[in-house]
Amino acid sequence: MLLFVAALHPEARPLIAHFRLEQDIASRALPVYRRDDIALTVSGVGRLKSAIATTHLITRIATQDAAILNIGIAGSTQAENTGPVAIGDMFLIHRIVEAASEREFFPDMLMPTDLSETTCTTVDRPLDRVDGMNVADGLVDMEAAGFFQAAAVFLPPHRIGCIKIVSDFLEVRRFDKNWVGNLVQARMEDMDRVLNVYRHLTTLNADPLEAADHARLKTVRTTLRLTETQSLQLTEAARRYTLRHRTSLPDLSEFVQLRPTTRQEGKRHFDRLRQLLDTPPLLPPVY
Amino acid sequence: MTGSANFSTLPHFSHLYIEEEAFAYPLAQRLIDRFPNAEIVRITGYRGIFTRPKQDFPLQKHSMKLIAAVKKDRFLYPGSGHSQGFGMENFFYSTPILNCVYNCDYCYLQGMYPSGNLVVFVNEEDFFAAARQTLAERVNPAQPLYLCLSYDTDLLAFERILPYCRSWIEFARRTPDLLIELRTKSAAYRSIADIQVSERVILAWTLSPAQTATRYEHGAPPSRRRIEAIRQAVTDGWPVRLCFDPVIDLPGWQRAYETLIDDVFARIDPMSVRDVTFGVFRMTASYFDRMKRRRPDTDLVYEPYERIDETVACPAERRQAIRDFMTERLCRYVPEERIAAWA
């Protein structure tokens, strides 16, 4: 599941179009757009609004395997034409500084992307160049710190990302909506590559059981009407079996067809199932 | 790691997170020089990144980052009950680095730290000052200060990046009544081979049968390379400790450890080894519980262990079997008084 939080509609519009998202009319507090395994919300400007929208989106959507990204425009602390940064450059943020509290936050950078990285400082009101001298070199926005803090309540830091496109060099001015939309639109191809990285990150875990194994175990749990403790024991036994045998789970279809009528009968089947999963491998011993 | 088709991570140490204050120290500069292509991120405090909630330890071990920090306090800790103190009353350990470049399935680090990244403390002189102070205030002045430096990490494995072993060996040489232990699985003895031998330094190598090492000691060199490193260290005259710890009693373990012990002492004169330790799998219960959640992919977490107070360990009869077997086999080469056990 890929989730997006953008502050402004012009920032969100290219993503909505690219992924052909449709408005979720059931979401009344904030606009949410969805299709398949992608969802997006538009938060409004500011870190508090961003935190609220992030929480809204994550709690509305199943979160276990999601990655969430804050996408939007930001100002650069570099003076125009004095360094490598240009309008339209896109950055992956490796450090977020909350100017008000001076706290810092770190998305995990685990997989390669072709984006440059930088620090983003989140401020509470638009900065001009004079103010900008007091923040860390990099970018300045008004949402990232709120977004990250909310997302980090639910998700691990490698599945929280922040992508910023340079819109200005800290000159206070009003942006034309179409111009902002075009700025994001122009980077959609690069962004797509980064999003694939995050999509891939949502699939990684250390569980030796595959999704299909969990589905089979769930069917067995339901059929045998296992308690929570028994269910945990079953999952553990299944993991152990997979690791010891270095194969997938044995045929469990026999247990799916059972219909125990009493708790004792269910317990007997469960014990037999655990015995099956405890079978030592026929392979030679470890040593 | 499931879902790992086409799974490619950034290389280890692709990012150096360096505290503002740490930039002033030569070790931080050395890191920057050592990894010229790394992304350098200035940070205010190492805990802000190291102790974040919900970090994915196993995934981070595929792309470890370095965090350079200045340690402010608690430079030395009293020795843990899970370690062998060898009857030393002034038993302490210290942590110049938090976390290890290796990733051994049975290691308590799997459940101890919230992160798979490494913190390196760059203010060595403060550690030395703390060691001098603890030495001066030690409980039993008749015994040296026994200081283990490589428990929560592997310093020798890191020596080519930052030369902590060299610094500590030199410090021990000029500090009477100090005895340090540098425990390792590394074969990188060459990186300290030019240093003059000191009786105040014990080089301790952890050894496992080849199959155990391959299966559980991810990133560590094979046992035969460790044995060769030990042979060179012994030949050079270093006090060397051999650690068969933990003994993993999977099917066929007796044969595997018998072969390992015979191999080791076929290449290394037992009389030139300072002492030998062995121990069973044991871990603080809370670390084990966390490890079990984090590492469902290692069969070690599904063994039927026993909880004794706050420790998870092999059941009593397995501990006894390991103690009896290892003592008997080791005594063929080394007098019993030079063998210490946690079993």
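Small disclaimer: the values here were computed from a predicted structure and weren't measured.

(A) Quick look at the overall build of chain A. Scanning chain A from N- to C-terminus turns up 10 helices and 10 strands. The C-alpha radius of gyration of chain A comes to 24 Å, more than 25% above the 19 Å expected for a compact globule of 287 residues. Principal axes of the C-alpha set define a box for chain A whose edges measure 75 × 50 × 35 Å. Counting the 287 residues in chain A, one finds 42% classified as buried. Long-range pairs, those at least 24 residues apart, make up 72% of the contacts in chain A with a sequence separation of at least 6.

(B) The packing of helix α8 (residues 228-245) of chain A against helix α10 (residues 263-277) of chain A, seen in detail. All names here are of chain A. Two elements in contact, α8 and α10, have axes separated by 9 Å at closest approach and are oriented at 20 degrees. It follows that α8 is roughly parallel to α10 by the angle criterion. The two elements α8 and α10 meet at a crossing, and its hand is left-handed. For the pair α8 and α10, the contacting residues are Gln-230, Gln-233, Leu-234, Ala-237, Ala-238 and Tyr-241 in the first and Phe-270, Leu-273, Arg-274 and Leu-277 in the second. The class makeup of the residues in the contact of α8 with α10 is 7 nonpolar, 2 polar and 1 charged.

(C) Molecular detail of the sheet that holds strand β6 (residues 97-98) of chain B. Residues and elements named next belong to chain B. The strand order across the open sheet formed by 5 strands is β2-β1-β3-β8-β6, and the pairing between neighbours is mixed. Bordering the open sheet on either side are β2 (39-43) and β6, each of which pairs with just one other strand. Here 2 bridges tie β6 to strand β8 (residues 118-121), and the two strands are oriented antiparallel to one another. Each bridged residue has a counterpart across the sheet, and for Ile-97 the counterpart in β8 is Val-120.

(D) Highlighting helix α9 (residues 253-267) of chain B. Residue and element names in this part refer to chain B. Along its 15 residues, α9 runs 21 Å from first to last C-alpha, staying within 8% of the 21 Å computed at 1.5 Å per residue. For α9, the complete set of buried residues consists of Trp-253, Ala-256, Tyr-257, Leu-260, Ile-261 and Val-264. In an axial view of α9, the angular spread of the buried residues amounts to 125 degrees, which keeps them on one side of the axis. Turned more than 90 degrees off the buried face of α9, the exposed positions are Arg-255 and Ala-266. Against α7 (210-216), α8 (223-236), β13 (240-247) and α11 (316-331) lie the buried residues of α9.

(E) Up close: the interface of chain A and chain B. Tallying the contact residues gives 30 residues for chain A and 38 residues for chain B. If you list the elements that add at least two residues to the side of chain A that touches chain B, you get β6 (90-98) and α8 of chain A. Ranked by residue count, the leading element in the side of chain A that touches chain B is α8 of chain A, at 5 residues. Each residue belonging to the side of chain A that touches chain B can be placed in one class, and the counts come to 16 nonpolar, 4 polar and 10 charged.

(F) Expanded view of the pairing of strand β9 (residues 145-148) of chain B. Residues and elements named next belong to chain B. Of the two faces of β9, both are covered, the one formed by Leu-145 and Leu-147 as well as the one formed by Tyr-146 and Cys-148. Examined bridge by bridge, strand β5 (residues 91-94) and β9 share 3 bridges and lie parallel to one another. Looking at β9, one finds that Phe-91 is bridged to Tyr-146. Pairing of β9 with strand β10 (residues 178-184) involves 4 bridges; the strand directions are parallel. Note on β10: the bridge partner recorded for Leu-147 is Ile-180. A crossover links β9 with its parallel partner β10, the connecting element being helix α6 (residues 164-173), and its sense is right-handed.

What counts and what doesn't
Residues numbered from 1 in each chain as written. Chains lettered and ligands numbered in written order. Predicted model: local features only at pLDDT ≥ 70, side-chain atom pairs only at ≥ 80, totals over all residues. Helix = DSSP H or I, 4+ residues; strand = E, 2+ residues; numbered from the N terminus. Rg over C-alpha atoms; globule rule 2.2 N^0.38 Å. Buried ≥ 20, exposed ≤ 12 C-beta atoms within 10 Å, placed from the backbone. Contact = placed C-beta atoms within 7 Å. Axes fitted to C-alpha atoms, helices over the stretch in contact; angles between N-to-C directions. Parallel < 35°, antiparallel > 145°, perpendicular 65-115°, else oblique. Left-handed = near helix turned anticlockwise from the far one by under 90°. Nonpolar A, V, L, I, M, F, W, Y, C, P; charged D, E, K, R; others polar. Pairing = 2+ DSSP bridges. Expected span 1.5 Å × (residues − 1). Arc of directions from axis to C-beta. Right-handed = clockwise from strand over helix to strand, strands pointing away.

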